[in-house]
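Here is what each chain is made of, one letter per residue.
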Amino acid sequence: MSLNLYFGTLRQRRVGLFWFAAGLVAYSWMMVWYWPLLGDEYLKLVETMPPELLAAFVGSEVDLGTLGGFFQGEYLGLMWIAIVSSAMIAYSSKAIAGEIAVGTMELLLAQPISRLRFVLTRAAGLVTYAAALAVASFAPIQLLGPSYDINLPVRTIALLYASGSLFMLAVGGFAFMLSAAMRDGSRPAAITGSLIGVMWVLQAISQLADFAKDLETVNLLKYWQPGVLINKGSVPDQTWWVYGGVAIVSLAVAVVVFMRRDLA
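Being a predicted model, the structure only gives us computed values, none of them experimental.

Thresholds applied
Residues numbered from 1 in each chain as written. Predicted model: local features only at pLDDT ≥ 70, side-chain atom pairs only at ≥ 80, totals over all residues. Heavy atoms only, no water. Axes fitted to C-alpha atoms, helices over the stretch in contact; angles between N-to-C directions. Helix = DSSP H or I, 4+ residues; strand = E, 2+ residues; numbered from the N terminus. Left-handed = near helix turned anticlockwise from the far one by under 90°. Contact = heavy atoms within 4.5 Å. Nonpolar A, V, L, I, M, F, W, Y, C, P; charged D, E, K, R; others polar. Phe/Tyr/Trp six-rings, centres within 6.5 Å; stacked < 30°, edge-to-face > 60°. Buried < 20%, exposed > 50% of the residue type's maximum accessible area, 1.4 Å probe, protein only. Core = buried A, V, L, I, M, F, W, Y, C linked by side-chain atoms within 4.5 Å. Polar contact = N/O pair within 3.5 Å; in protein donor to acceptor, adjacent residues only side chain to side chain. Patch = residues over 30% accessible without salt bridge, like charges linked within 9 Å, V, L, I, M, F, W, Y side chains within 5 Å. Areas by Shrake-Rupley, 256 points an atom, 1.4 Å probe, with all protein chains shown as cover. Salt bridge = Lys/Arg side-chain N within 4 Å of Asp/Glu carboxyl O.

Next up on the list: the packing of helix α2 (residues 14–34) against helix α5 (residues 67–74). Following both chains from N to C, one finds α2 and α5 inclined at 145°, their axes separated by 11 Å at the closest point. For the crossing formed where α2 meets α5, the hand is right-handed. Residue-level inspection shows Y27, M31, V32 and Y34 of α2 in contact with α5, the latter providing F70, F71 and E74. Grouping the constituent residues of the contact of α2 with α5 by class yields six nonpolar, no polar and one charged.

If you walk through the whole model with that rule in mind, you get 13 aromatic pairs. Ring geometry for F167 versus Y243: centroids 5.5 Å apart, planes at 70°, classification edge-to-face. One end of the pair, F167, is in helix α10 (residues 154–181); the other, Y243, is in helix α14 (residues 237–260), and 76 residues separate them in sequence. Given the relative accessible area of 0%, Y243 is considered buried. Taken together, the ring pairs in this structure connect W80, F138, Y161, F167, Y223, W224 and Y243 into an aromatic cluster.

Turning to unusual backbone geometry, a few remarks are in order. The phi torsion at D149 lies on the positive side, around 65°, for a residue other than glycine. Within the secondary structure, D149 is located in the loop between α9 (115–144) and α10.

Bringing the environment of I141 into the picture now. On the secondary structure map, I141 appears in helix α9. In sequence terms I141 and M31 are 110 residues apart; their C-alpha atoms lie 8.7 Å from each other.

Time to look at the nonpolar core. Formed by 68 residues in total, the largest nonpolar core has its most connected members in F71, Y75, W80, I96, F167, M168 and F176. At the level of elements, α2, α5, α6 (78–95), α9, α10, α11 (186–204), α13 (226–232) and α14 are the ones that each hand at least two residues to this core. Per-element accounting of this core gives the leading share, 14 residues, to α10. Once you skip the residues sitting within four places of it in the chain, F167 turns out to touch W80, I81, V84, S85, L221 and Y243.

Attention shifts here to the side chain of S165. With respect to the helices, strands and loops of the structure, S165 is situated in helix α10. Separated by 2.7 Å, the side chain of S165 and the backbone oxygen of Y161 make a polar contact. Not counting the four nearest positions on each side in its chain, S165 is found in contact with A130, A134 and L160.

This part is about a nonpolar patch on the surface. On the surface, W29, M30, W33, Y34, L37, L143 and L144 cluster together into a nonpolar patch covering about 690 Å² of accessible area. Taken together, the elements giving at least two residues each to the nonpolar patch come down to α2 and α9. The element contributing the most residues to the nonpolar patch is α2, with four residues. Looking at where L143 falls in the secondary structure, it is placed in helix α9.

Spatial relationships are all this shows, so hold off on functional conclusions.
See below:
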């Protein structure tokens, strides 16, 4: 890995990372602040909602009236997925293909840096990006939660950090793999973003459509259940295998493809 390229990459992405992180911090703090203000009226409102609507937004595994259900429905569900996926895709799609598109790849590789060091350095930046977004997502809950009667065990917080980071690496790794194979940074972003959108739609209608239910095994969003994690303090083993497998395989394929491709 090249430290100069690593820090240079982070400097290039610092503005985008700052605003994504700032948005997550503000959003998570607002949710922490809002939870104690909810009373019986909120529970009554939840009870009047159609079960199909609740299942579409929080799934059938968690009760929206619980702490975990509230966070999954209002923060760590669709909105969080959209924010962090956008951030990871923005970094990954331009990490390689963006350099080729603007004609700076040859200049970078003309420096005393090999292809392998280049792609591994950009992958290290991807991991750093995910870690920073995980801190922005969950640190406010950990640090400010006790002031608002939200006292999550250390194990639960640690699992949120770990599983959330791995989810982001799975999304970012897939976009990174496409970026290693393409010449235009917009195409990896469009493909990955579209797939995430399709997965969310399938997840939302999985309680109503048999074909969507049958596709849950290959739907990454099926394995992201922060409400269950917050309520029960555990993560299914398959979550680690799926997210870890997608992240590792995608990054490995990206390295192999980039090492073998023609950059001319």
